Amino acid sequence: MIQAKNIEKKYGKLEVLRGVDLSIENAEIVSIVGASGAGKSTLLQILGTLDKDYSGELIIGEINVRKLSDKKLSAFRNKNIGFIFQFHQLLPEFTALENICIPAWIAGVSKKEAEKKAMEYLEVLGISSRAHHKPSELSGGEQQRAAVARALINNPSVIFADEPSGNLDSVNANELHQLFIKLREQFHQSYVIVTHNKELAAMADRKLEMKDGKFIK
């Protein structure tokens, strides 16, 4: 699903990533751990095509994303990649349902079809009764589940999650971790998860540790 070769990233003279190689299979869950400043989130931004200022090669689903124009890259990202962040990034003026639909609307899906699909994910995630509530009316766990549904709405090939349970209490965090396993089995996406949570890291098929901008054995 993902082939990253010799990924290097600098901010001026500061080397943030130093020749990272990474291969991720279809429907594989990979966790990336390491101290703050090790380069984990920077790598995730690059793998998710959000940061293009780096050297190296990145192939996602047989597509060399470095060769895509900005417009084609945006369309590729919208269709093939889902994101889950620590602070869910839901838009406060929209309901949970509307927030989930936004990536589908951007992709050109009709309002009716997008809402039907969003409700199906809300059912799977156990928060369909909260569909018409705004983020301020949802609990932290409900907000994060809405963010997960938004990441899934376009049936992406890979989900990138950056500290997805970092803002949740232990009960909601554990529920979210179990949810990732369930969703992978149901929808067969690959997951790349940056986390400081030892329980979540241990649940992955593979746990990789970063230090000083590269993976360590």
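Everything quoted here is computed from the prediction, not taken from an experiment.

### Points about the layout of surface pockets
Of the volumes computed, that of the largest pocket is approximately 430 Å³. Forming the boundary of the largest pocket are 19 residues, of which N78, I81, F83, P103 and R150 lie nearest the centre. Listed by contribution, the elements that provide at least two residues to the lining of the largest pocket are α2 (70-80), β6 (81-85), α3 (96-106) and α5 (140-152). When grouped by side-chain class, the residues that make up the lining of the largest pocket number eleven nonpolar, six polar and two charged.

### Regarding the sheet that holds strand β9 (residues 206-211)
Reading across the sheet, the six strands line up as β6-β7-β8-β3-β9-β10 and stay open at both edges, with mixed pairing between neighbours. The open sheet terminates on both sides in strands that have one partner only, identified here as β6 and β10 (214-216). Direction aside, the axes of adjacent strands within the sheet are offset by 25° on average. Pairing between strand β3 (residues 29-33) and β9: four bridges, direction parallel. Note that in β9 the partner of S31 across the bridge is K207. Along the sheet face, helix α6 (residues 170-187) touches β3, β6 and β8 (190-194) and points at about 160° away from the line of β8.

### Examining α6
With 18 residues, α6 should cover 26 Å at 1.5 Å per step; its first-to-last C-alpha distance of 25 Å lies within 8% of that length. Every buried residue of α6 is accounted for by A173, L176, H177, L179, F180, I181, L183 and R184. Check the buried side of α6 and you find it contacts β3, β6, α4 (111-124), α5, β8 and α7 (198-203). A positive backbone phi angle near 65° is found at H188, which sits one or two residues after α6.

### Examining the side chain of T95
Along the chain, T95 falls in the loop between β6 and α3. Once you skip the residues sitting within four places of it in the chain, T95 turns out to touch A131, H132, H133 and K134.

### Focus on the nonpolar core
Of all hydrophobic cores here, the largest spans 36 residues; its most connected members are V148, F180 and Y191. The set of elements that each furnish at least two residues to this core consists of α3, α4, α5, β7 (158-162), α6 and β8. Discounting chain neighbours no more than four positions away, the residues touching F180 are I29, I84, V148, P164, Y191, I193 and L200.

### Brief notes about the packing of α3 against α5
In contact at an axis separation of 7 Å, α3 and α5 are set at 25° when each is read in the N-to-C sense. Judged by the inter-axis angle, α3 sits roughly parallel to α5. Viewed along their axes, α3 and α5 form a crossing whose handedness is right-handed. Contact residues: A96, N99, I100 and P103 in α3; A146, A149 and R150 in α5. Here the residues of the contact of α3 with α5 sort into five nonpolar, one polar and one charged.

### Concerning the pairing of β9
With three bridges connecting them, β9 and β10 associate as antiparallel partners. Residue pairing in the sheet places M210 in a bridge with F215 of β10. Counted along the chain from β9 to the antiparallel partner β10, the turn is two residues long, and its residue D212 has a positive phi close to 55°.

### Focus on the packing of aromatic side chains
Enumeration according to the criterion identifies four aromatic pairs in this entry. For the ring pair Y121 and F187, a centre distance of 5.3 Å and an interplane angle of 55° mean the geometry is tilted. Placement of Y121 in helix α4 and of F187 in helix α6 is noted, with a sequence separation of 66 residues between them. Note on Y121: relative accessible area 6%, which makes it buried. Judged by its relative accessible area of 25%, F187 is partly exposed. Aromatic side chains F180 and Y191 sit 5.5 Å apart centroid to centroid with 45° between the ring planes, which places their arrangement in the tilted category. Separated by eleven residues along the polypeptide, F180 in helix α6 and Y191 in strand β8 bring together distant segments of the chain. Judged by its relative accessible area of 1%, Y191 is buried. Within the aromatic cluster, the residues linked to one another by ring pairs are F83, F85 and F160. Taking the ring centre of Y54 as reference, the NZ or CZ of R66 above it sits at 4.0 Å.

Scoring rules and cut-offs
- Residues numbered from 1 in each chain as written.
- Predicted model: local features only at pLDDT ≥ 70, side-chain atom pairs only at ≥ 80, totals over all residues.
- Heavy atoms only, no water.
- 1 Å grid on protein atoms, 1.4 Å probe; cavity = no way out; pocket = protein on both sides within 12 Å on 5 of 7 lines; lining within 4 Å.
- Points joined across faces, edges and corners; volume = space filled by probe spheres on them.
- Helix = DSSP H or I, 4+ residues; strand = E, 2+ residues; numbered from the N terminus.
- Nonpolar A, V, L, I, M, F, W, Y, C, P; charged D, E, K, R; others polar.
- Pairing = 2+ DSSP bridges.
- Axes fitted to C-alpha atoms, helices over the stretch in contact; angles between N-to-C directions.
- Contact = heavy atoms within 4.5 Å.
- Expected span 1.5 Å × (residues − 1).
- Buried < 20%, exposed > 50% of the residue type's maximum accessible area, 1.4 Å probe, protein only.
- Core = buried A, V, L, I, M, F, W, Y, C linked by side-chain atoms within 4.5 Å.
- Parallel < 35°, antiparallel > 145°, perpendicular 65-115°, else oblique.
- Left-handed = near helix turned anticlockwise from the far one by under 90°.
- Phe/Tyr/Trp six-rings, centres within 6.5 Å; stacked < 30°, edge-to-face > 60°.
- Lys NZ or Arg CZ within 6 Å of the ring centre and 35° of its normal.

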